[in-house]
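Chain by chain, the residues:
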Amino acid sequence: MRESKSAVVRMLGWGRLSSICLTSICWSVSVQAQKLHTVSPTVTTLEVTVPQLHRTRRVWVYLPSDYTTSHRRYPVLYLQDGQNVFDEATSFSGEWGVDETLNQEKRAAIVVAVDNGGDKRLDEYSPWRNPQYGGGEGREYAAFLVETLKPYIDQHYRTRPSRRHTGIGGSSMGALISVYTALHYPKVYGRVGVFSPALWFAKDSLDRFVRQARPKHTTRFYLVAGAQESETMVPYMAELRDQLHQTGVSSRQLHYTVQADGKHSEWFWRREFPAAYTWLFGGISAETKKILAP
């Protein structure tokens, strides 16, 4: 069994239910109605061209609360499914509250969240095709992140552009493309947040890819999923953990956790984000503490 039907519907972006019918009774339901904007004032948006795919995309940029009053340079975390990261009004089924979380951090990173492509989401979030659901544009999307977006962010904001100060992350299909991008560009990303990864989407191709990958020994991976997700979620993520160890990622550089109550949902990823951020960027070793030093 792969993901549940509801999870696949979520990944396909089918979230606006217009009617419900039980026997002969139908009534309209507006899922998106009356959602309030919850985004912080320190978040702005950009309209960015994706030349690799001949599209444009909205990109959200969170700046730490002390950005305008300091001369510091900041680490950067790139997140997928930008609609769900900061704002309830644009989210699928709830936002992650990343801005609220980082507003409480003394040493917050810049966060760059890229909107998904709507009906192109599955295509862009996997470099490999799934015969039923599509895919196959992930290489171009990853190239956009590395060759187009990151240079722009580094040029226009006070970033720390080196790999040990640069992270990438996402959930579900966003986690799949984050794993691929981090391993395909090991000189660019040194911190990887993997939330409930949709590894089933291209399992065999991903397995071959990971076995051949050569991540830097200092790259940190944070893997988290819930026991209440699909029956393949936990065993597939455990396989990914083991494969990463086999490529040379040490136990010290990889955090793996399964939460008993976790589900394939934004509320779960919102809850788990602070711990992931602290482990990836706050550091539990002398090496990682250097990341956020002035």
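Everything discussed here concerns the structure shown above.
First, a word on what this report is: a plain description of the structure on this page. These figures come from a predicted structure and were not determined experimentally. (Residues numbered from 1 in each chain as written. Predicted model: local features only at pLDDT ≥ 70, side-chain atom pairs only at ≥ 80, totals over all residues. Heavy atoms only, no water.)

**With respect to the overall build of the protein**
- When its secondary structure is counted, the protein shows nine helices and twelve strands.
- The burial tally for the protein puts 57% of its 294 residues in the buried class.
- The long-range share in the protein, meaning contacts at least 24 apart out of those at least 6 apart in sequence, stands at 73%.
- Accessible area of the protein: about 13000 Å², with a carbon and sulfur share of 53%. (Helix = DSSP H or I, 4+ residues; strand = E, 2+ residues; numbered from the N terminus. Buried < 20%, exposed > 50% of the residue type's maximum accessible area, 1.4 Å probe, protein only. Contact = heavy atoms within 4.5 Å. Areas by Shrake-Rupley, 256 points an atom, 1.4 Å probe, with all protein chains shown as cover.)

**A closer look at the nonpolar core**
- Membership of the largest hydrophobic core comes to 58 residues, with the highest contact counts inside it found for Ile110, Leu149 and Tyr189.
- Discounting chain neighbours no more than four positions away, the residues touching Leu149 are Val59, Tyr78, Val112, Val114 and Phe144.
- Grouped together as the second largest cluster of nonpolar side chains are 25 residues, Tyr62, Val85, Tyr222 and Leu280 included. (Core = buried A, V, L, I, M, F, W, Y, C linked by side-chain atoms within 4.5 Å.)

**Digging into the pattern of salt bridges**
- For the structure on display, the rule yields twelve salt bridges.
- Taking the shortest distance from any N to any O, the salt bridge between Arg58 and Asp115 comes out at 2.7 Å. You can see Arg58 sitting in strand β4 (residues 55-62) and its partner Asp115 sitting in the loop between β6 (110-114) and α3 (121-124), a full 57 residues away along the chain.
- Judged by relative accessible area, Arg58 falls into the partly exposed class, the value being 28%.
- Salt bridges here are not isolated pairs; linked through shared partners, they connect Arg55, Arg57, Glu124 and Glu137. (Salt bridge = Lys/Arg side-chain N within 4 Å of Asp/Glu carboxyl O.)

**Looking at unusual backbone geometry**
- The phi dihedral of His54 falls on the positive side, at around 55°, and the residue is not glycine.
- Residue classification places His54 among the exposed positions, given a relative accessible area of 74%.
- Phi at Ser172 takes a positive value of approximately 60°, unusual for a residue other than glycine.
- Mapped onto the secondary structure, Ser172 falls in strand β9 (residues 166-172).

**Some thoughts on helix α6 (residues 203-212)**
- When we look at burial in α6, the residues that qualify are Lys203, Leu206, Asp207, Phe209 and Val210. Along the long axis of α6, the arc covered by the buried residues comes to 170°, so they all point the same way. Among the exposed residues of α6, those oriented more than 90 degrees off its buried face are Asp204 and Gln212.
- For α6, the secondary structure elements touched by its buried residues are α5 (173-184) and α7 (233-246). (Arc of directions from axis to C-beta.)

**Focus on the environment of Phe268**
- Note that Phe268 resides in helix α8 (residues 266-282).
- On a C-alpha basis, the gap between Phe268 and Trp96 in space is 8.8 Å, while along the polypeptide they are 172 residues apart.
- Those residues within four positions of Phe268 in sequence are excluded, and the remaining contacts are Ser196, Val224, Ala225, Gly226, Glu229, Gln259, Gly262 and Lys263.

**Thoughts on α5**
- For α5, built from twelve residues, the straight-helix expectation of 16 Å at 1.5 Å per residue is met to within 8% by its first-to-last C-alpha distance of 16 Å.
- In terms of burial, α5 is a largely internal element, eleven of the twelve residues being buried.
- Every buried residue of α5 is accounted for by Met173, Gly174, Ala175, Leu176, Ile177, Ser178, Val179, Tyr180, Thr181, Ala182 and Leu183. (Expected span 1.5 Å × (residues − 1).)

**Some remarks on the packing of α6 against α7**
- Look at α6 against α7: their axes get within 9 Å of each other, and the N-to-C directions meet at 20°. Looking at the two axes, α6 sits roughly parallel to α7. Crossing handedness for the pair α6 and α7: right-handed. Contacts between α6 and α7 involve Lys203, Asp207, Val210 and Arg211 on the former and, on the latter, Tyr236, Glu239, Leu240, Gln243 and Leu244.
- Its residues placed into classes, the contact of α6 with α7 shows four nonpolar, one polar and four charged. (Axes fitted to C-alpha atoms, helices over the stretch in contact; angles between N-to-C directions. Parallel < 35°, antiparallel > 145°, perpendicular 65-115°, else oblique. Left-handed = near helix turned anticlockwise from the far one by under 90°. Nonpolar A, V, L, I, M, F, W, Y, C, P; charged D, E, K, R; others polar.)

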